[in-house]
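The chain contents come next:
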Amino acid sequence: MHQKLQKAMKRFTYFRFFFLLSAILLIGGNSAFSQTNYVLSGTPLFKVAGGSTLHDWEMVSESGVGQGIFVLENGQFKTVQSLTVSFQAETLKSGTRGLDSNAYKALKTDKYKEVRFVLKELTGQGSSMTAKGDLTIAGVTKLVSFPVKVSAVGNKLTFEGSLETRLTNFSITPPTALMGTVKTEDEIKLSFKSTFQPTL
């Protein structure tokens, strides 16, 4: 009887030990996830670059708005739950009035005022990720995917990337000049660098 009691007590002790160990590991292994509202801050950079039969060209905008919900784990960036970024199309400037005017006509800025991107998915880890979402230019929306570099300084997060596409993908007729003798190439490269910070 005494031996049976000792065995039962040993089994109970082992069971209690493993139960406590499992509880400690479970609690210690839990990560603190949080969702935080972020907004575009500082001076963003949006660039469109391409070529023509005469020379290469680029247009740059340094204004825009953006907001999203970012997912943090123990204070470190993990992913983005939602994100929308936009800027006024006519803030794109090349430094040449004629080129700007032709670009605005092609973009139909009298009717479609802004360029907008709405994130659908952000995958990857660390500083190298891939974004997928809806890009709207000249009133036409296309699903696009492109690599994104993510960097953090303090509580601010900077996203940098580029996308190669075609004007005709967005139903934009490549502009011409000098009675059609100068023709814009269909291929363009869209680049961006934008910094977000948490809302107060």
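Scoring rules and cut-offs
- Residues numbered from 1 in each chain as written.
- Predicted model: local features only at pLDDT ≥ 70, side-chain atom pairs only at ≥ 80, totals over all residues.
- Heavy atoms only, no water.
- 1 Å grid on protein atoms, 1.4 Å probe; cavity = no way out; pocket = protein on both sides within 12 Å on 5 of 7 lines; lining within 4 Å.
- Points joined across faces, edges and corners; volume = space filled by probe spheres on them.
- Helix = DSSP H or I, 4+ residues; strand = E, 2+ residues; numbered from the N terminus.
- Nonpolar A, V, L, I, M, F, W, Y, C, P; charged D, E, K, R; others polar.
- Polar contact = N/O pair within 3.5 Å; in protein donor to acceptor, adjacent residues only side chain to side chain.
- Buried < 20%, exposed > 50% of the residue type's maximum accessible area, 1.4 Å probe, protein only.
- Arc of directions from axis to C-beta.
- Contact = heavy atoms within 4.5 Å.
- Phe/Tyr/Trp six-rings, centres within 6.5 Å; stacked < 30°, edge-to-face > 60°.
- pLDDT = per-residue confidence, 0-100.

Asker: Even after reading the chapter, I still don't get the layout of surface pockets, so can you show me in this structure?
Answerer: Its boundaries defined by the atoms lining it, the largest pocket holds a volume of some 940 Å³. In this structure, the largest pocket is lined by 50 residues; those nearest its centre are Lys 47, Val 48, Leu 92, Ile 188 and Leu 190. No other element matches strand S10 (residues 182-198), which puts nine residues into the lining of the largest pocket. Grouping the amino acids of the lining of the largest pocket by side-chain chemistry returns 36 nonpolar, eleven polar and three charged. Looking at the second largest pocket, its volume works out to about 200 Å³. Surrounding the second largest pocket, 14 residues form its lining, Gly 75, Gln 76, Phe 77, Ala 152 and Leu 157 being those nearest its centre. Every element with two or more residues in the lining of the second largest pocket is listed here: strand S4 (76-88), strand S7 (140-153) and strand S8 (156-166).

Asker: Which parts of the structure should I look at to understand the side chain of Glu 73?
Answerer: Relative to the assigned elements, Glu 73 resides in strand S3 (residues 65-73). One polar contact links Glu 73 to Lys 78, side chain to side chain, over a distance of 3.4 Å.

Asker: Hey, could you run me through helix H2 (residues 97-107) in this one?
Answerer: Each full turn of the α-helix corresponds to 3.6 residues, which orients residues three or four apart in the same direction. What H2 keeps buried is the set Asp 100, Ala 103, Tyr 104, Ala 106 and Leu 107. The buried residues of H2 all sit within an arc of 160° when viewed along its axis, so they share a single face. Away from its buried face by more than 90 degrees, H2 exposes Arg 97 and Lys 105. Those residues of H2 hidden inside the fold are in contact with strand S2 (57-61) and strand S6 (128-137). Where H2 terminates, the next one or two residues include Lys 108, which has phi positive at roughly 55°.

Asker: Looking at this model, I keep getting lost on the packing of aromatic side chains. Mind explaining?
Answerer: Remark: the centre distance and the inter-plane angle together describe each pair of aromatic rings, the angle taken between the planes. One pass over the full model with this rule turns up nine aromatic pairs. Measuring from ring centre to ring centre gives 5.9 Å for Phe 70 and Phe 77, while their planes differ by 70°; the resulting arrangement is edge-to-face. Like Phe 77, Phe 70 is buried. Ring centres of Phe 70 and Phe 196 lie 5.7 Å apart, and the angle between their planes is 55°; this geometry places the pair in the tilted category. Remark: Phe 196 occurs in strand S10 and Phe 70 occurs in strand S3; sequence separation between them is 126 residues. You'll find Phe 70 and Phe 196 in the same group, each marked buried.

Asker: How should the confidence of the model for the chain be read in this particular structure?
Answerer: Low pLDDT means the predicted atomic positions in that stretch should not be read closely. Residue-level pLDDT values for the chain average 86, and 82% of them are 70 or greater. Counting interchain partners and residues more than four positions distant, the pLDDT-below-50 stretch residues 12-29 has zero contacts.

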